[in-house]
Amino acid sequence: MSTSWGGNIIVSDNKPQGSIFTVTLPLTSSSKDNIEAVVNDEDDTITEEVTASEESQPQQKPTIIVVDDNMDARLFLQRSLDNDYHVLVAENGREALKLLARNKDISIVVSDVMMPVMDGIELFQRIKGNINYSHIPVVLLTAKSSEESIIEGLQLGVADYITKPYSLAVLKLRLRKILDWAQNVHHNIATGIEIKASEITVSSLDEELISHVIELIEANIANIDYSVVQLSSDVGMTRGNLYKKLMAITGTSPLEFIRIIKLKRGKSLLDQGRTNISEVADKVGLSPKQFAHYFKITYGQNPSDYLKTGRDNTQTDDK
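Just so you know, these numbers come straight off a predicted model, no measurement behind them. (Residues numbered from 1 in each chain as written. Predicted model: local features only at pLDDT ≥ 70, side-chain atom pairs only at ≥ 80, totals over all residues. Heavy atoms only, no water.)

Draft legend 1. Main features of the overall build of the chain. Along its length, the chain carries 14 helices and nine strands. Relative to its full complement of 319 residues, the chain shows a buried share of 38%. Taking contacts inside the chain between residues at least 6 apart in sequence as the whole, the part at least 24 apart equals 52%. Counting only carbon and sulfur atoms, one obtains 49% of the accessible surface of the chain, whose full area is about 18200 Å². (Helix = DSSP H or I, 4+ residues; strand = E, 2+ residues; numbered from the N terminus. Buried < 20%, exposed > 50% of the residue type's maximum accessible area, 1.4 Å probe, protein only. Contact = heavy atoms within 4.5 Å. Areas by Shrake-Rupley, 256 points an atom, 1.4 Å probe, with all protein chains shown as cover.)

What follows is the structure, encoded as structure tokens:
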């Protein structure tokens, strides 16, 4: 049977029961644009799966939530931050949680402390106690200026604790510093520099999650069949939720994160004096071509050149 897209549908018997439906569609120039990464090299094909949420999107302003029971105060912040951020507003912690549930990719929550219904401290605790939101930095605005109050807030894991009256310029700078820190973390992970759970997370829940993910990948590092589906199952999260968490914390998809851990182990083996690149690739569950391809993307040179010229320099950088 032909289709309106110029393809074909073939139905065949699947003994002992059921049927097999085979759909073929022509690959046009427009459909090629929707394929994220396909690398073909003789008998070795490396394919990245992409979903609509994973496709590259135009650069957008970060989204933040401003929470304050004083209407003038929250509208002032909304207008003041509008050039740099997409600003959502809520009049108390409960309304802020509703916004979090309805909106994905929230970058920062800026909240007053003293509010009716749900104050800023309870909102912060709810965010940090929910695995879906625990990666979101929270900045608290408070009239309490005592050193004890500030220390208490920072010890709880608040990203920043700003006392009123505050300078708008200072608030803007601190928000930018939080986002710059996250971008720096993502860059370091993508280039294989640093993956210490305690240094790339802003909550104990996230630290535990990343530590667990790394442990699972390392325990299955030589298993070429260890997949994102299996990792998600082992972590106890849906594939979609794991994707969102890793993208928020590390800037990488689960598939990319698995690969980065494998490459770091492979690099470590090379640093230890292993010179057979095929054996090293096998020990980290990659084909030699996959290992060489992604090693060069991550570290800027292929494994053989790294063994000859780059190892000493990179070892120094990692210390």
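Moving on from the coordinates now.
Draft legend 2. Expanded view of the environment of Leu175. Relative to the helices and strands, Leu175 resides in helix 6 (residues 168-190). Judged by relative accessible area, Leu175 falls into the buried class, the value being 0%. Residues Leu175 and Val110, spaced 65 residues apart in sequence, show a C-alpha to C-alpha distance of 9.1 Å. Residues in contact with Leu175, not counting those within four places in the same chain, are Ile64, Leu81, Tyr85, Ile108, Val110 and Val139.

Draft legend 3. A look at helix 6. When the terminal C-alpha atoms of helix 6 are compared, their 33 Å separation across 23 residues agrees well with the 33 Å that a helix rising 1.5 Å per residue should span. Those residues of helix 6 that fall on the buried side of the exposure criterion are Leu171, Leu175, Ile178, Leu179, Val185, Asn188 and Ile189. Regarding helix 6, its N-cap is Ser167, as a side-chain oxygen of that residue lies 3.3 Å from the backbone nitrogen of Ala169 further along. (Expected span 1.5 Å × (residues − 1). Polar contact = N/O pair within 3.5 Å; in protein donor to acceptor, adjacent residues only side chain to side chain.)

Draft legend 4. Layout of unusual backbone geometry. Note that the residue after Lys164, namely Pro165, is joined by a cis bond; omega there is -10°. You can see Pro165 is positioned in the loop between strand 9 (160-163) and helix 6. Although it is not a glycine, Val117 sits at a positive phi angle of roughly 70°. Here Val117 falls in the exposed class, since its relative accessible area comes to 52%.

Draft legend 5. Spotlight on the environment of Asp271. Position of Asp271 among the secondary structure elements: in helix 11 (residues 254-271). Of note is the side chain of Asp271, whose polar atom sits 2.5 Å from the side chain of Tyr306.

Draft legend 6. The nonpolar core, seen in detail. Ranked by size, the top nonpolar core spans 37 residues in total, and within it Val213, Leu231, Phe257 and Phe291 carry the most contacts. When residues of this core are traced back to their parent elements, those giving at least two are helix 6, helix 7 (197-200), helix 8 (204-219), helix 9 (228-235), helix 10 (239-250), helix 11, helix 12 (277-283) and helix 13 (288-299). Looking at this core, the element that brings in the most residues is helix 11, giving seven residues. Among residues more than four places away in sequence, those in contact with Val213 are Leu231, Val235, Leu242 and Phe257. (Core = buried A, V, L, I, M, F, W, Y, C linked by side-chain atoms within 4.5 Å.)

Draft legend 7. The arrangement of the packing of helix 6 against helix 10 in detail. Remark: helix 6 packs on helix 10, axes separated minimally by 7 Å, with the N-to-C direction vectors making an angle of 105°. By the criterion of interaxial angle, the relationship of helix 6 to helix 10 is roughly perpendicular. Across the interface between the two elements, Val185, His186 and Ile189 from helix 6 touch Met247, Ala248, Ile249 and Thr250 from helix 10. (Axes fitted to C-alpha atoms, helices over the stretch in contact; angles between N-to-C directions. Parallel < 35°, antiparallel > 145°, perpendicular 65-115°, else oblique.)

Draft legend 8. Representation of the sheet that holds strand 8 (residues 138-142). Taken in spatial order, the five strands make up an open sheet running 6-5-7-8-9, and their pairing is parallel. Only two strands of the sheet have a single neighbouring strand rather than two, namely strand 6 (86-90) and strand 9. Averaged over all pairs of adjacent strands, the angle between their axes in this sheet comes to 20°, without regard to strand direction. (Pairing = 2+ DSSP bridges.)

Draft legend 9. Expanded view of the confidence of the model for the chain. Considering every residue of the chain, the mean pLDDT works out to 81; 74% of them sit at 70 or more. Under a pLDDT of 50 for its full length, residues 314-319 has, in the predicted model, four contacts with residues more than four places off or in other chains. (pLDDT = per-residue confidence, 0-100.)

Draft legend 10. Structural view of helix 4 (residues 120-128). Among the residues of helix 4, Gly120, Leu123, Phe124, Ile127 and Lys128 are the ones counted as buried. The arc that holds the buried residues of helix 4, viewed along the axis, is 125°, so those residues lie on one side. For helix 4, the capping residue at the N-terminal end is Asp119, with a side-chain oxygen 3.2 Å from the backbone nitrogen of Ile121. (Arc of directions from axis to C-beta.)

Draft legend 11. A look at the pairing of strand 6. Sheet analysis places strand 5 (residues 63-67) next to strand 6, joined by five bridges and oriented parallel. The partner of Val66 across the bridge, within strand 6, is Val89. Between the parallel pair strand 5 and strand 6, the chain is carried across by helix 2 (residues 71-81), and the sense of this crossover is right-handed. (Right-handed = clockwise from strand over helix to strand, strands pointing away.)

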